[in-house]
Amino acid sequence: MSPGRQYKVGVLGATGTVGQRFIALLAEHPFFVIHALGASQRSAGKPYNKAVNWKQTQPIPSAVREMIVQECKPEHFQECAVVFSGLDADVAGDIEQSFRLAELAVFSNAKNYRRDPHVPLIVPLVNTSHYSMIPQQRALHQPPLKKGFIVTNANCSTTAVVVPLAALERAFGPIESCIITTMQAISGAGYPGVPSLDIVDNIVPYISGEEEKIEWETLKILGGLTQGDDGLKAFDMHAKQPLRVSASCNRVPVIEGHTECVSVRFARRPPPSPQQVREALQAYTSEAYTIGCPSAPRHTVFVHEEADRPQPRLDRDYQSGAGVCVGRVRQCRVLDIKFVVLANNVAIGAATSSIINAEYAVLKGIVSGQA
């Protein structure tokens, strides 16, 4: 990347909750410049400020306020080096595929391609090595692609837990088992979200599909890549040391910030002490930060010493919500170690992850585009 170079980007699903967050974050970005906005036919043709029901805490950025919203068709985004997708899953699949076919680099927050065997599922604070799958994704596509690809980020609740798990596996070797109980914010359900009569003075002990996402996505993210006799790479789903994950997911009356109680058992015997775990978490630094991704947090994992932290209202916006916070690290009488992790589900759990993923791709030369 040349110093001072700027890259035109587009946002799909620009009027939705995730799309709005993309726009708010990109408005002041040092090298990404919003060039095109895409939304439904109902919004297309309108100035952005007339098409959107803006729900962010800051005003609509002036650079996009009068920008005309386009339909989500590749011809409106051809000048974009990067396209961010905040589309709902019910429409994301075909649209994202059409953008990839048009040789555009798609960074998606949607779930549609997370299980694709050739699409990297990347939490940028954890598994940037999985970018090495992109050449194969392009080569195996029919017809083969030169520049187009899709990268997805993980489910918001998965993102929270895999960051400390990655730090612990780096320091102490494989984890054998992991039990996770989530307390997930209502913003994770989008807007308008959970009906007030369901969530006020209440906890809902079920979120459709959420437990399966955590249990499956964790294996793809923390696993490595293998190469078969045919030369093709595959995600190994943590197969070298099988990892069992059990998740229980709950919706709680918090606006932003997913809190998760986690217990782990290590393959290593004897296991590390709580103090060793704290030190390993504090020392963990992501490659995204090391190479200079501007949105990557300095403290990938911030470890609280206070007995009653992290808390969503107090800690979700630390480092603009780009890292995770861990506290209450202690011995587990059933497994080995237990702790509490908090992540901002609308920042590192959504748009911020996609933006760091794209920053990494630009800095590594995986993406090149219009200046």
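Preceding block: the structure.
Bear in mind that the values here come from a model prediction, so they are computed numbers and not experimental data.

Rules used in this analysis
- Residues numbered from 1 in each chain as written.
- Predicted model: local features only at pLDDT ≥ 70, side-chain atom pairs only at ≥ 80, totals over all residues.
- Heavy atoms only, no water.
- Helix = DSSP H or I, 4+ residues; strand = E, 2+ residues; numbered from the N terminus.
- Rg over C-alpha atoms; globule rule 2.2 N^0.38 Å.
- Buried < 20%, exposed > 50% of the residue type's maximum accessible area, 1.4 Å probe, protein only.
- Contact = heavy atoms within 4.5 Å.
- Areas by Shrake-Rupley, 256 points an atom, 1.4 Å probe, with all protein chains shown as cover.
- Axes fitted to C-alpha atoms, helices over the stretch in contact; angles between N-to-C directions.
- Parallel < 35°, antiparallel > 145°, perpendicular 65-115°, else oblique.
- Left-handed = near helix turned anticlockwise from the far one by under 90°.
- Nonpolar A, V, L, I, M, F, W, Y, C, P; charged D, E, K, R; others polar.
- Salt bridge = Lys/Arg side-chain N within 4 Å of Asp/Glu carboxyl O.
- Pairing = 2+ DSSP bridges.
- Polar contact = N/O pair within 3.5 Å; in protein donor to acceptor, adjacent residues only side chain to side chain.

A.B. asks: What is the right way to look at the overall build of the protein chain in this model?
C.D. replies: Scanning the protein chain from N- to C-terminus turns up 12 helices and 14 strands. A globule of 371 residues ought to have a C-alpha radius of gyration of about 21 Å, and the protein chain, at 20 Å, matches this closely. Taken along the three principal axes of its C-alpha coordinates, the protein chain extends 60 × 55 × 40 Å. For the protein chain, buried positions account for 53% of its 371 residues. In the protein chain, 75% of the contacts between residues at least 6 apart in sequence involve partners at least 24 apart. Carbon and sulfur atoms make up 50% of the accessible area of the protein chain, which amounts to about 16100 Å² in all.

A.B. asks: In this structure, what is going on with the packing of helix α1 (residues 17–26) against helix α12 (residues 347–363)? I would like to understand it.
C.D. replies: Angle between the axes and distance between the axes: these two values describe a pair of packed helices. At a closest axis distance of 9 Å, the pairing of α1 and α12 adopts a crossing angle of 50°. As far as their axial angle goes, α12 and α1 are oblique. For the element pair α1 and α12, the recorded crossing hand is right-handed. Two secondary-structure elements touch here, α1 through V18, R21, F22, L25 and L26 and α12 through A351, T352, S354 and I355. Partitioned by chemical class, the residues of the contact of α1 with α12 number six nonpolar, two polar and one charged.

A.B. asks: I keep staring at unusual backbone geometry and nothing clicks. Help me out?
C.D. replies: Glycine aside, negative phi is the norm for most residues, and most peptide bonds take the trans geometry. In this chain, Q142 is followed by P143 through a cis amide linkage whose omega measures 0°. For the bond running from R309 to P310, omega is 10°, close enough to zero to count as cis. Relative to the helices and strands, P310 resides in the loop between β12 (301–303) and α11 (312–315). Positioned with a positive phi, H238 is a non-glycine residue whose angle comes to about 65°. As for its position among the elements, H238 is in the loop between β9 (233–235) and β10 (244–251). According to the relative accessible area criterion, H238 is buried, its value standing at 7%.

A.B. asks: Help me out: how do you make sense of the pattern of salt bridges in this one?
C.D. replies: In a structure, side chains of opposite charge can pair up when their charged atoms sit close to one another. Throughout the structure, instances matching the rule amount to nine salt bridges. A salt bridge links E287 to K364; the nearest nitrogen and oxygen atoms lie 3.5 Å apart. One end of the pair, E287, is in helix α10 (residues 287–290); the other, K364, is in the segment after α12, with 77 residues separating them in the sequence. Between D315 and R309 there is a salt bridge, with the nearest N and O atoms lying 2.6 Å from each other. The buried category is assigned to D315, whose relative accessible area is 6%.

A.B. asks: Please clarify how the sheet that holds strand β11 (residues 258–266) should be interpreted in this entry.
C.D. replies: Hydrogen bonds along the backbone pair up the strands of a sheet, which may run parallel or antiparallel. As summarised here, the arrangement of the six strands in space is β10-β7-β11-β14-β13-β12, forming an open sheet in which the pairing is mixed. Each of the sheet's edge strands pairs with one partner strand only, and the pair in question is β10 and β12. Mean inter-strand twist for the sheet, computed between neighbouring axes without regard to direction, equals 25°. With seven bridges connecting them, β11 and strand β14 (residues 337–343) associate as antiparallel partners. Residue E260 lies in a different strand from β14, and its bridge partner there is V341. Relative to β10, helix α8 (residues 210–222) is tilted by about 145°, and along the sheet it contacts β7 (175–184) and β10.

A.B. asks: Help me out: how do you make sense of the environment of S157 in this one?
C.D. replies: Mapped onto the elements of the fold, S157 is located in helix α6 (residues 156–172). In this structure S157 comes out as buried when scored by relative accessible area, which is 0%. Excluding residues within four positions of it along the chain, S157 makes contact with Q184, E210, I214, H258 and E260. Among the polar contacts made by the side chain of S157, one reaches the side chain of N155 at a distance of 2.6 Å. One polar contact links S157 to E210, side chain to side chain, over a distance of 2.9 Å.

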